[in-house]
Amino acid sequence: METIRNMFKHLHWANQRILETLEHNTEVDKQIINLFSHILLAEQVWFTRLKGLDSASLPIWEEIRIEACAELVKQNHLNYKDYLNGVTENKLEQIVSYRNSKGQEFKNSVGEILTHVGLHGQYHRGQINLLLRKNQIEPINVDFITFKR
């Protein structure tokens, strides 16, 4: 459980670093903002599913302003921090049933979903860094090992 908690501390730290860079570079490619908002919207969708609620009406890909991204960073952090405080090793094995955005039903354990959320964001932050470099903006070091220093 400690590994998952560390993943989510890292996730928030990395989201904050991306957010700060985007707030200070107002002329970035829209694709960068879209990838960042996708990370945050997906975190929201997965949290909704973990809570046993219907996520069908929530967007996963939507163009949102950086101010809305800042709010999502804050809200997602609070949601997952509170959720993780109640998760035990046994709860990680609990199965969550949900429907994806196409209406297909899936079942995954809480542990699988939490791991996916952590890895999904890191994947897209790598894409963001590639696009930042292409736009002559210094990529952001969001490596876990840097976070742990």
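Here, every reference points to the structure presented above.
Below, the structure is looked at part by part. These figures come from a predicted structure and were not determined experimentally. (Residues numbered from 1 in each chain as written. Predicted model: local features only at pLDDT ≥ 70, side-chain atom pairs only at ≥ 80, totals over all residues. Heavy atoms only, no water.)

What to know about the nonpolar core
Condition: Here, nonpolar core refers to any group of buried Ala, Val, Leu, Ile, Met, Phe, Trp, Tyr and Cys residues whose side-chain atoms link them within 4.5 Å. The rule is simple: take the accessible area with a 1.4 Å probe, protein chains only, and divide by the maximum for that residue type; under 20% is buried, over 50% is exposed, in between is partly exposed. Helix and strand definitions follow DSSP, with helices as H or I runs of at least four residues and strands as E runs of at least two, each counted in order from the N terminus. Whether two residues touch is decided by their heavy atoms; if any such pair falls within 4.5 Å, the residues are in contact.
L22, F36 and I128 are the most contacted members of the largest nonpolar core, which has 24 residues in total. Elements supplying a minimum of two residues to this core: α1 (2-24), α2 (30-50), α3 (66-85) and α4 (110-134). When residues in this core are grouped by element, the largest group, seven residues, is from α2. Those residues within four positions of L22 in sequence are excluded, and the remaining contacts are V28, I32, I33, F36, I66 and L132. Listed in part, the 20 residues of the second largest apolar core include W46, L92, I113 and L114.

Notes on the packing of aromatic side chains
Operational definition: Ring geometry is summarised as follows: Phe, Tyr and Trp rings, the Trp one being its six-membered ring, pair when their centres sit within 6.5 Å, and such pairs are stacked at plane angles under 30 degrees, edge-to-face over 60 and tilted between the two. Counted as over-ring charges are cases with an Arg CZ or a Lys NZ within 6 Å of the ring centre that also lie within 35 degrees of the ring normal.
What the rule picks out here adds up to seven aromatic pairs. Judged by centre distance (5.8 Å) and plane angle (45°), the rings of F144 and F147 are tilted. Here F144 and its partner F147 are both found in helix α5 (residues 144-148), three residues apart, which amounts to about one turn of the helix. R49 extends its terminal NZ or CZ atom over the ring of W46, reaching a point 4.5 Å from the ring centre.

Here we look at the pattern of salt bridges
Applied cut-off: Salt bridge, as used here, is a side-chain nitrogen of Lys or Arg placed within 4 Å of a carboxyl oxygen of Asp or Glu.
By the definition in use, this model includes four salt bridges. Two residues, K30 and E63, come together in a salt bridge whose shortest N-O distance is 3.0 Å. Taken together, the positions of K30 in helix α2 and E63 in the loop between α2 and α3 put the pair 33 residues apart, joining distant regions of the chain. Judged by relative accessible area, which is 51%, K30 ranks as exposed.

Points about the pairing of strand β2 (residues 105-109)
The test is simple: By the convention used here, strands pair only if DSSP detects at least 2 bridges between them.
Note: strand β1 (residues 95-99) against β2, five bridges, orientation antiparallel. Following the sheet pairing, S97 is matched in β2 by K107. Between the antiparallel neighbours β1 and β2 lie five residues, among them G103 with a positive phi of about 90°.

A few points about empty space enclosed by the protein
To find leftover empty space, one rolls a probe the size of a water molecule over the atoms. Defined as follows: Definitions used for this entry: grid spacing 1 Å over protein atoms alone; cavity, a set of points where a 1.4 Å probe fits but cannot get out; pocket, an open set with protein on both sides within 12 Å along at least 5 of 7 lines; lining residue, one with an atom within 4 Å of a point. Grid points are joined across faces, edges and corners, and a volume is the space filled by probe spheres set on the points. Charged means Asp, Glu, Lys or Arg here, nonpolar means Ala, Val, Leu, Ile, Met, Phe, Trp, Tyr, Cys or Pro, and polar covers whatever is left, Gly included.
Summed over all chains, the structure comprises one cavity of 30 Å³ or more. Taken as a whole, the largest cavity encloses approximately 30 Å³ of empty space. If you trace the largest cavity, you find it lined by I39, A42, E43, W46, V117, H120 and G121. Those elements that place two or more of their residues in the lining of the largest cavity are α2 and α4. The element that contributes the greatest number of residues to the lining of the largest cavity is α2, accounting for four residues. Residues of the lining of the largest cavity, tallied by class, amount to four nonpolar, two polar and one charged.

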